[in-house]
Amino acid sequence: MTQETSAKAIVVFDIDGVVRDVSGSYRRAIADTVEYFTTQTYRPTPLDIDQLKSEGVWNNDWEASQELIYRYFETQGQSRAQLQLDYDAIVAFFQLRYRGSDPNNFTGYICNEPLLLQPSYLEQLTQAGIPWGFFSGATRASANYVLEKRLGLESPVLIAMEDAPGKPDPTGLFATVRELENGIEQRLAIVYVGDTVADMYTVEKARGLDSSRTWISVGVLPPHVQETAARGDAYSETLIAAGAAVVLRNVEQLSPVKIQELLQLK
């Protein structure tokens, strides 16, 4: 840990869309699930899913799947009370696609998620004296699969779905920060890096509950919105409107130098 770049901030990362590309896994599983439970009549597009998530309250992909199913049937004139959807069945089908059918090993879409950062990037933060960890709405098993098995991290600080209420509730962000600042006497600024409106709202709510420290939200464009410039620009504008201080094309652009630049703006 070098003195000249000693930390003035703690960095907390979301995982999906930031550490790994989930357009062909979680989002594909959402589309599969909605298609199955609408008897093959409606398959949401990536844009449909983005529009739902832009509302800022659908961070849980099981709940997002159920909501898309409800909304489809409402366009067909059916009420939610009439439908009586089985949430457990929705979760089970989703998990079958995402995790696979083997209860002891991942065999589903999760196995094919491209990584969006490398361990060397995290080491760069460590060398600059910047503590880092993860707060994600993914299940602990799914998050650990990418962090420990694929990235090779050893017991990283992680608050997952089972550990805290879903975003934009900031409880999990506070818990991650508490673990990371263990033993640090000064109150460092907090940088939270995410790819959705819910991530940005989480920081806004954290700031509202603890205004005694600096909170900075950094948006990252998930790969699926970078297919066209117009789509990427529109997504960036959505994140900025939700509170992002800056929007990056890849998480590794958040270098120690960039972090210091963001702190100087505050």
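The shown structure was predicted, so the numbers you read here are calculated from the model rather than taken from an experiment. (Residues numbered from 1 in each chain as written. Predicted model: local features only at pLDDT ≥ 70, side-chain atom pairs only at ≥ 80, totals over all residues. Heavy atoms only, no water.)

Undergrad: Before we move on, could you go through the nonpolar core and cite the residues and values that matter?
TA: One finds Phe13, Phe134, Val193 and Leu254 to be the most contacted residues of the largest nonpolar core, which totals 61 residues. Of the residues forming this core, the biggest block, seven residues, is contributed by helix α3 (residues 61-75). Filtering out sequence-adjacent residues up to four positions away, Phe13 remains in contact with Val18, Tyr121, Leu122, Leu125, Trp132, Gly133, Phe134, Phe135, Tyr192, Val193 and Val251. (Core = buried A, V, L, I, M, F, W, Y, C linked by side-chain atoms within 4.5 Å. Buried < 20%, exposed > 50% of the residue type's maximum accessible area, 1.4 Å probe, protein only. Helix = DSSP H or I, 4+ residues; strand = E, 2+ residues; numbered from the N terminus. Contact = heavy atoms within 4.5 Å.)

Undergrad: Provide a residue-level description of the environment of Gly77, including the pertinent values.
TA: Tracing the sequence through the fold places Gly77 in the loop between α3 and α4 (80-83). Classification of Gly77 as exposed rests on a relative accessible area of 64%. Sequence spacing of Gly77 and Arg28 is 49 residues, and the spatial spacing of their C-alpha atoms is 27 Å.

Undergrad: Requested: an account of the sheet that holds strand β4 (residues 189-194), with residues and values cited.
TA: A sheet is described by the order of its strands in space; here six strands give the open sequence β3-β2-β1-β4-β5-β6, paired in parallel fashion. One side of each edge strand has no neighbouring strand; the edge strands of this open sheet are β3 (158-159) and β6 (246-248). Looking at chain direction, strand β2 (residues 132-135) and β3 are connected through two bridges and run parallel. Pairing of Phe134 across the sheet is with Leu158, part of β3. (Pairing = 2+ DSSP bridges.)

Undergrad: Any details on unusual backbone geometry? Residues and values, ideally.
TA: Cis geometry marks the peptide bond from Lys167 to Pro168; its omega dihedral reads 15 degrees. Its place among the elements puts Pro168 in the loop between β3 and α8 (171-180). For Gln40, which is not a glycine, the phi torsion comes out positive at approximately 65 degrees. A positive phi angle, close to 45 degrees, is found at Ser155, a residue other than glycine. Secondary-structure assignment places Ser155 in the loop between α7 (140-150) and β3. For Ser155, a relative accessible area of 64% gives the class exposed.

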